[in-house]
Amino acid sequence: GNDAQKRRVVIVTLKKAPLGPMGTSYGPGEGVVVWWDGLLQGDPKIDTTTIEGRKGTKKFSEAWAEAQEMFRQKVKNQKPQIIPHQGDDDADN
């Protein structure tokens with residue numbers, strides 16, 4: 001046969017787990033996008049900053065300031081809690 005008859009196509013769909021704190025697969029993940037610069041080791045790398053849709057996003061410093069403010073709002077009404085640990089006199093009661 002000709003070349004067109006000898007070709008095969010493989011379609012692979014991957015879904016990345018949300019990325020949480022320190023590279024774990026749990027946590028804030030919502031709204032966090034981590035761009036890969038290549039799919040497999042040894043593949044040519046791409047410049048992820050040129051991907052359409054990434055332009056016009058907030059600067060890191062702006063996003064960080066917004067996240068800090070959200071955290072402050074979330075915890076401002078929380079009351080301190082005492083958490084006993086071994087070695088405390090109250091830990092045995």
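What counts and what doesn't
Residues numbered from 1 in each chain as written. Predicted model: local features only at pLDDT ≥ 70, side-chain atom pairs only at ≥ 80, totals over all residues. Heavy atoms only, no water. Helix = DSSP H or I, 4+ residues; strand = E, 2+ residues; numbered from the N terminus. Buried < 20%, exposed > 50% of the residue type's maximum accessible area, 1.4 Å probe, protein only. Contact = heavy atoms within 4.5 Å. Areas by Shrake-Rupley, 256 points an atom, 1.4 Å probe, with all protein chains shown as cover. Salt bridge = Lys/Arg side-chain N within 4 Å of Asp/Glu carboxyl O. Patch = residues over 30% accessible without salt bridge, like charges linked within 9 Å, V, L, I, M, F, W, Y side chains within 5 Å.

1. A look at the overall build of the chain
Next up, step 1: Within the chain, the secondary structure is distributed over two helices and zero strands.
Next up, step 2: Sorting the 93 residues of the chain into buried and exposed places 4% on the buried side.
Next up, step 3: Considering only contacts within the chain whose residues lie at least 6 apart along the sequence, 3% involve residues at least 24 apart.
Next up, step 4: Carbon and sulfur atoms form 55% of the exposed surface of the chain, whose accessible area is close to 9,600 Å².

2. Quick word on the pattern of salt bridges
Next up, step 1: Using the criterion set out here, one finds one salt bridge in the structure.
Next up, step 2: We note a salt bridge from Lys-45 to Asp-37, for which the minimum N-O separation is 3.7 Å.
Next up, step 3: Residue Lys-45 is classed as exposed on the basis of its relative accessible area of 55%.

3. With respect to the environment of Lys-16
Next up, step 1: The topology assignment puts Lys-16 in the loop between helix 1 (3-6) and helix 2 (60-75).
Next up, step 2: Its relative accessible area of 35% is what places Lys-16 among the partly exposed residues.
Next up, step 3: Residues Lys-16 and Val-34 lie 18 residues apart in sequence; the distance between their C-alpha atoms is 8.9 Å.
Next up, step 4: When neighbours within four sequence positions are excluded, Lys-16 is seen to be in contact with Val-34, Trp-35 and Trp-36.

4. Concerning a nonpolar patch on the surface
Next up, step 1: Taken together, the side chains of Val-10, Val-12, Leu-14, Val-34, Trp-36, Leu-39 and Leu-40 present a nonpolar region at the surface, about 720 Å² in accessible area.
Next up, step 2: Take Val-12: it is sitting in the loop between helix 1 and helix 2.
Next up, step 3: On the basis of relative accessible area, Val-12 is assigned to the exposed category, the value being 60%.

Treat this as a map of the structure, not an account of what it does.
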